[in-house]
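Descriptive analysis of the structure
If you want the building blocks of each chain, they are given just below.
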Amino acid sequence: LAKTTQPISMDSYEGQEVNITCSHNNIATNDYITWYQQFPSQGPRFIIQGYKTKVTNEVASLFIPADRKSSTLSLPRVSLSDTAVYYCLASNRGSTLGRLYFGRGTQLTVWP
Amino acid sequence: NAGVTQTPKFQVLKTGQSMTLQCAQDMNHNSMYWYRQDPGMGLRLIYYSASEGTTDKGEVPNGYNVSRLNKREFSLRLESAAPSQTSVYFCATDPAGTINEQFFGPGTRLTVL
């Protein structure tokens, strides 16, 4: 399992775009990058997944450069309700083991 | 659809007591997982079940046992609880263990005195 490194915390204000960068220098060829969001007293929730280049859904965008050693989760125009912990994971999508490595995540705090 | 449900939501045990955490899913997923989350930390995998009838150890299995009762249910048992097992326990599922997306339950907050 490739381990990931991301900032412990970030602050932003409502309406701003937030970019959270994750480092995964030892990512394997078959690994995908997945981001989860966790609110207090809740289980993590899947946000987005990608392999390379750019992926966008209704919640976020994920940018992965050609070397795949890092990735950036972009949250457009954040609101107070986006305050949460965000986890970056690198895992083998085809693995039957189903193992995910959750690091400590990034605590995003959005201020009024 | 309830998704993934866990019982109980909260539990306080004394050292040495035993208990079983229950997890059920109505998503018809094959794979189920038990994680623990300690304060300020990410989740660590305790045990998982790739499919009905199979279970395997994760990163931190010591002090726990599991049972995949059927496709819907996956229970986690603490035979002799220790203060180090104070944590929040999450159950999760995914369709086939391919990590496309895991769905998590609401968690069980366990305190061992």
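In the block above lies the structure referred to throughout.
For the structure given in this document, a descriptive report is provided here. (Residues numbered from 1 in each chain as written. Chains lettered and ligands numbered in written order. Predicted model: local features only at pLDDT ≥ 70, side-chain atom pairs only at ≥ 80, totals over all residues. Heavy atoms only, no water.)

**Concerning the overall build of chain B**
Definition in use: The secondary structure listing takes helices from DSSP runs of H or I that are at least 4 residues long and strands from runs of E that are at least 2 residues long, numbered from the N terminus. The quantity called the radius of gyration is restricted to C-alpha atoms. Its globule counterpart is 2.2 Å times the number of residues to the power 0.38. Whether two residues touch is decided by their heavy atoms; if any such pair falls within 4.5 Å, the residues are in contact. Only the protein chains shown count as covering a residue, and every accessible area follows the Shrake-Rupley method with a 1.4 Å probe.
Counting its regular elements, chain B contains zero helices and eleven strands. Starting at the N terminus and ending at the C terminus, chain B contains elements arranged as β-β-β-β-β-β-β-β-β-β-β. In terms of C-alpha radius of gyration, chain B reaches 13 Å, essentially the compact-globule figure of 13 Å for 113 residues. With respect to the three principal axes, the spread of C-alpha positions in chain B is 35 × 25 × 25 Å. The long-range fraction of contacts in chain B, counting pairs at least 24 apart against all pairs at least 6 apart in sequence, stands at 55%. For chain B, the exposed surface amounts to about 5000 Å²; the carbon and sulfur share of it is 50%.

**A word on the sheet that holds strand β1 (residues 4-7) of chain B**
All names here are of chain B. Our working definition: Pairing between strands is defined by DSSP: at least two bridges between the two strands are required. Axes, fitted as lines to C-alpha atoms, cover a helix only where it is in contact. Angles between the N-to-C directions of the axes lie from 0 to 180 degrees.
Spatially, the four strands line up as an open sheet ordered β1-β3-β8-β7, and their pairing is antiparallel. The two strands at the open ends of the sheet, each matched to only one other strand, are β1 and β7 (65-68). With strand direction ignored, the average angle separating the axes of adjacent strands in the sheet is 15°. Judged from the four bridges that link them, β7 and strand β8 (residues 74-78) form a sheet pairing that is antiparallel. Bridging across to β8, S67 finds its partner in S75.

**A look at the packing of aromatic side chains**
Here is the rule: The criterion for an aromatic pair is that two Phe, Tyr or Trp rings (for Trp, the six-membered ring) have centres within 6.5 Å, with stacked assigned to planes under 30 degrees apart, edge-to-face to planes over 60 apart and tilted to the rest. Comment: the charge-over-ring label is applied if NZ (Lys) or CZ (Arg) is within 6 Å of the ring centre and within 35 degrees of the ring normal.
Counted according to the given criterion, the structure contains seven aromatic pairs over all chains. Between Y32 of chain A and Y51 of chain A, the ring centres sit 5.1 Å apart and the planes meet at 55°, which makes this aromatic pair tilted. Here Y32 of chain A, found in strand β3 (residues 31-38), pairs with Y51 of chain A, found in the loop between β4 (45-50) and β5 (53-56); they are 19 residues apart in sequence, far enough to count as distant. Each member of the aromatic cluster is reached from another via a ring pair, and the members are Y36 and F46 of chain A together with Y33, Y35, Y48 and F104 of chain B. The residue whose ring lies beneath R68 of chain A is Y51 of chain A, and the NZ or CZ to ring-centre distance is 3.9 Å.

**Some thoughts on the state of the cysteines**
All names here are of chain B. Using the following cut-off: Any pair of cysteine sulfurs within 2.5 Å is marked as a disulfide. Any residue under 20% of the maximum accessible area for its type is buried, any over 50% is exposed, and the rest in between are partly exposed; the area is computed with a 1.4 Å probe on protein chains only.
Here the structure, examined in full by the defined rule, presents two disulfides over all chains. Across a sulfur-sulfur distance of 1.9 Å, C23 and C91 are joined as a disulfide pair. Because the torsion about its S-S bond is -70°, the bridge between C23 and C91 counts as left-handed. Taken together, the residues C23 in strand β3 (residues 19-25) and C91 in strand β9 (residues 87-94) connect sequence positions 68 residues apart. Overall, C23 belongs to the buried group, its relative accessible area being 2%. Take C91: its relative accessible area is 0%, and that puts it in the buried class.

**Thoughts on the environment of N28 of chain B**
With respect to the helices, strands and loops of the structure, N28 of chain B is situated in the loop between β3 and β4 (31-37). As for N28 of chain B and S18 of chain B, which are separated by ten residues in sequence, their C-alpha atoms are 29 Å apart.

**A few points about the pattern of salt bridges**
Residues and elements named next belong to chain B. Defined as follows: Criterion for a salt bridge: a side-chain nitrogen of Lys or Arg within 4 Å of a carboxyl oxygen of Asp or Glu.
For the structure shown, the criterion picks out three salt bridges over all chains. Of the charged contacts in the structure, one is a salt bridge between D38 and R44, with a shortest N-O distance of 2.6 Å. Assessed through its relative accessible area of 15%, D38 is described here as buried. According to the relative accessible area criterion, R44 is partly exposed, its value standing at 30%. Between E79 and R77 there is a salt bridge, with the nearest N and O atoms lying 3.1 Å from each other. Here R77 falls in the partly exposed class, since its relative accessible area comes to 29%.

**A short note on the sheet that holds strand β6 (residues 61-64) of chain A**
Residues and elements named next belong to chain A. With antiparallel pairing, four strands are arranged side by side in an open sheet as β2-β7-β6-β5. Two strands bound the open sheet, and with one partner strand each, they are β2 (18-23) and β5. Pairwise comparison of adjacent strand axes, ignoring direction, gives a mean angle of 15° for this sheet. Bridge analysis of β2 against strand β7 (residues 70-75) gives six bridges, and the strand direction is antiparallel. In the strand pairing of β7, S23 is matched with S70.

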